[in-house]
Amino acid sequence: MNTTDPAGRGVIVTGAASGIGRAAALRFADEGARVLVADLDREGAEATVEEIGRAKGTAVAVVGDLSDQRVVDRVVDTAVGTFGGIHVLVNNAGVMDRMSALGETDDDEWQRTLRINLTAPFLLTRAVLPHMLAAGHGSLVFTASEAGLRGGAAGAAYTASKHGVIGLVKNLAVMYRKQGIRANAIAPGPTATNIRVDAGPGAHGPATIGPLISTTIGRIGSAEEQAAAIVFLASDAAAFVNGAVLPVDDGWAAT
Ligand code: NAD
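Everything numeric here is computed off the predicted structure, so don't read it as measured data.

Calculation rules
Per chain, the residues get numbers from 1 upward, laid out in the order the sequence is written. Residues qualify for local features only when their pLDDT is at least 70, as the model is predicted, and side-chain atom pairs are given and counted only at 80 or more; totals for whole chains, interfaces and linings, by contrast, use all residues. In computing side-chain values, all of the structure's heavy atoms are included and hydrogens and water are not. Secondary structure elements follow DSSP: runs of H or I no shorter than four residues count as helices, runs of E no shorter than two count as strands, and numbering proceeds from the N terminus. Think of it in three bands: residues with accessible area under 20% of the maximum for their type are buried, residues over 50% are exposed, and the middle band is partly exposed, with areas taken using a 1.4 Å probe on protein chains only. Throughout, a contact is declared for two residues whenever any of their heavy atoms are within 4.5 Å. Using a 1.4 Å probe, accessible areas were evaluated by the Shrake-Rupley method; residue-level cover was limited to the displayed protein chains. Definition of nonpolar core: a set of buried residues of the types Ala, Val, Leu, Ile, Met, Phe, Trp, Tyr and Cys, connected through side-chain atoms within 4.5 Å. We count a salt bridge whenever a side-chain nitrogen from Lys or Arg sits within 4 Å of a carboxyl oxygen from Asp or Glu. Multiply 1.5 Å by the residue count of a helix minus one, and that product is the helix's expected span. For helices, the fitted line uses only the C-alpha atoms of the stretch in contact; every axis is such a line through C-alpha atoms, and the angle between N-to-C directions lies from 0 to 180 degrees. Between 65 and 115 degrees an angle is taken as roughly perpendicular, under 35 as roughly parallel, over 145 as roughly antiparallel, and anywhere else as oblique. Handedness of a crossing follows from how the near helix is turned relative to the far one, being left-handed for an anticlockwise turn of less than a right angle and right-handed for a clockwise one. Three residue categories are used. Nonpolar comprises Ala, Val, Leu, Ile, Met, Phe, Trp, Tyr, Cys and Pro, charged comprises Asp, Glu, Lys and Arg, and polar comprises the others, including Gly. Two strands pair if DSSP finds at least two bridges between them. Throughout this document, a residue counts as near a molecule or strand when at least one of its heavy atoms sits within 4 Å of that molecule or strand. Pairs of N or O atoms within 3.5 Å make up the polar contacts considered here, provided that, within protein, one atom can donate a hydrogen while the other can accept it, and that residues adjacent in sequence are counted only when both atoms are side-chain atoms. Directions drawn from the helix axis to the C-beta atoms are what define this arc.

Student: What is the right way to read the overall build of the protein from this model?
Tutor: Tallying secondary structure elements over the protein gives seven helices and nine strands in all. By residue count, 51% of the 255 residues in the protein fall in the buried class. Counted over contacts in the protein with a minimum sequence separation of 6, partners at least 24 positions apart contribute 72%. Here the protein has roughly 11100 Å² of accessible surface; of this, 54% comes from carbon and sulfur atoms.

Student: Mind showing me how you'd approach the nonpolar core here?
Tutor: Most often, soluble globular proteins have nonpolar side chains that are buried together. Formed by 30 residues in total, the largest nonpolar core has its most connected members in Ile 12, Leu 36, Val 75, Leu 124, Val 128 and Leu 140. Among the elements that make up this core, the one with the highest residue count is helix H4 (residues 107-135) (seven residues). Once residues within four sequence positions are removed from consideration, Val 75 is found in contact with Ile 12, Leu 36, Ala 38, Val 62, Leu 66 and Leu 124. Ranked by size, the runner-up nonpolar core spans 29 residues in total, among them Ala 17, Val 90, Ala 229 and Ala 234.

Student: Please explain the pattern of salt bridges as it appears in this structure.
Tutor: Pairing of side chains with opposite charge becomes possible as their charged atoms draw close. Tallied over the full model, the rule gives eight salt bridges. Across the pair Asp 68 and Arg 70 runs a salt bridge, and its minimum N-O distance is 2.9 Å.

Student: Would you explain helix H1 (residues 19-30) in this entry?
Tutor: If you check H1, its first and last C-alpha atoms are 17 Å apart, about what 12 residues at 1.5 Å a residue would give, namely 16 Å. Within the span of H1, buried status applies to Gly 19, Ile 20, Gly 21, Ala 23, Ala 24, Ala 25, Phe 28 and Ala 29. The positive-phi residue at the C-terminal boundary of H1 is Gly 32, with phi of around 100°.

Student: What exactly am I supposed to notice about the packing of H1 against helix H2 (residues 42-54) here?
Tutor: Packed helices, taken two at a time, are described by the angle between their axes plus the distance between the axes. Between H1 and H2, the least distance of the axes is 10 Å, while the angle of their chain directions is 25°. Comparing the axis directions of H1 and H2 gives the class roughly parallel. As for the relative orientation of H1 and H2, their crossing is right-handed in sense. Only Thr 48, Glu 51 and Ile 52 of H2 make contact with H1, whose side of the interface consists of Arg 22, Ala 25, Leu 26 and Ala 29. Of the residues belonging to the contact of H1 with H2, the class tally is four nonpolar, one polar and two charged.

Student: What is the right way to look at the sheet that holds strand E3 (residues 58-63) in this model?
Tutor: Picture the strands of a sheet paired through backbone hydrogen bonds; they go either parallel or antiparallel. Overall, parallel pairing links the seven strands, which are arranged E3-E2-E1-E4-E5-E6-E9 in an open sheet. If you trace the sheet from one side to the other, it starts and ends with E3 and strand E9 (245-248), each paired once. Neighbouring strand axes in the sheet, compared pairwise and without regard to direction, differ in orientation by 15° on average. Each of strand E4 (88-91), strand E5 (138-143), strand E6 (181-188) and E9 is contacted by helix H7 (residues 223-234), which is oriented at about 165° to E6, the strand it contacts most.

Student: Before we go on, may I ask you to explain the site of the ligand in this structure?
Tutor: Surrounding the ligand, one finds 29 residues, the nearest of these being Ser 18, Asp 39, Asn 92, Tyr 158 and Thr 193. The separation between an oxygen atom of the ligand and a polar main-chain atom of Asn 92 is 2.7 Å. At a separation of 2.6 Å, an oxygen atom of the ligand approaches a polar side-chain atom of Tyr 158. Those elements that provide at least two residues to the shell around the ligand are H1 and helix H5 (156-176). Split by residue class, the shell around the ligand holds 13 nonpolar, 12 polar and four charged.

Student: Hey, could you run me through the packing of H1 against H7 in this one?
Tutor: The N-to-C vectors of H1 and H7 enclose an angle of 55°; their axes lie 8 Å apart at closest approach. In terms of orientation, H1 lies oblique with respect to H7. The two elements H1 and H7 cross, and the hand of that crossing is right-handed. Between H1, through Gly 19, Ile 20, Ala 23, Ala 24, Arg 27 and Phe 28, and H7, the contact on the second element is made entirely by Ala 223, Glu 224, Gln 226, Ala 227, Ala 228, Ile 230, Val 231 and Ala 234. Tallied by class, residues from the contact of H1 with H7 come to 10 nonpolar, two polar and two charged.

Student: I'm lost on H2 in this one. Help?
Tutor: Note: α-helices contain 3.6 residues per turn, so residues at a spacing of three or four share the same orientation. Between its first and last C-alpha, H2 extends 18 Å over 13 residues, near the 18 Å set by a 1.5 Å rise per residue. Those residues of H2 that sit buried are Gly 44, Ala 45, Thr 48, Val 49 and Ile 52. Looking straight down H2, one finds that the buried residues subtend no more than 140° of arc, so they occupy a single side. Counted as exposed and oriented over 90 degrees from the buried face of H2: Glu 43 and Arg 54. Those residues of H2 that are buried are in contact with H1, strand E2 (34-39) and E3. Where H2 terminates, the next one or two residues include Lys 56, which has phi positive at roughly 70°.

Structure follows, in structure tokens:
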């Protein structure tokens, strides 16, 4: 039975104004899904919606900070009102930290990173779950990171946030499998997007993710390569895949 295959389904993609989220939104729409583009960046979100519209797809944007419960409620209300249900949620929006070791991590860097990367997916997933439970099916896909699998890929805050995302995914998978809801994650390696290290004065580490990449094995991936894995995990092709963390990284996790 096709329960979470994209065609005709309501899909929420966060962080879809840019990078991996944008590529996932376009790909879901291309496969016939109706897509809610959720992002802080109004211009980028509207551009994604317009691009989907030009390709004769269906999309709507909700703009705001996803760590704000009111924005989360607006996302869910809009998706249910527009699509009649939410079949897939992709928790993808995220920010880098300043690459700081724990001793140099100030409260702002810690709280901002955890709030956007971990608390926002918690809030949105909690708000979406009742709709998936009522429908008896749903697919949750999270964008974790190589930094959720190892200690040397980012600063303390980002590393903790992405380990936290993977913990959420595994717990969701166990807690909701009997209700027909699956939760999985991709763990991207370095990918060409607009993400930036939030490096201010005093921060150590590279100013952008570029120099970091040069120390890793493998090539730089594209947002489209990450999106393909997200759409796979969301679909019925992955019906028996639950609680998995899929590295999409040209073998970095294997080193
Ligand atoms: P990106 O900066 O191109 O896109 C991230 C999007 O999230 C942006 O459009 C931004 O406006 C949005 N966003 C940020 N904070 C938000 C908030 N509070 N509310 C709503 N929207 C918000 O970066 P990307 O690389 O496409 O990042 C997507 C995900 O991939 C992130 O979770 C990131 O941690 C993860 N990731 C990226 C890489 C990489 O190398 N690019 C590697 C591993 C993991």
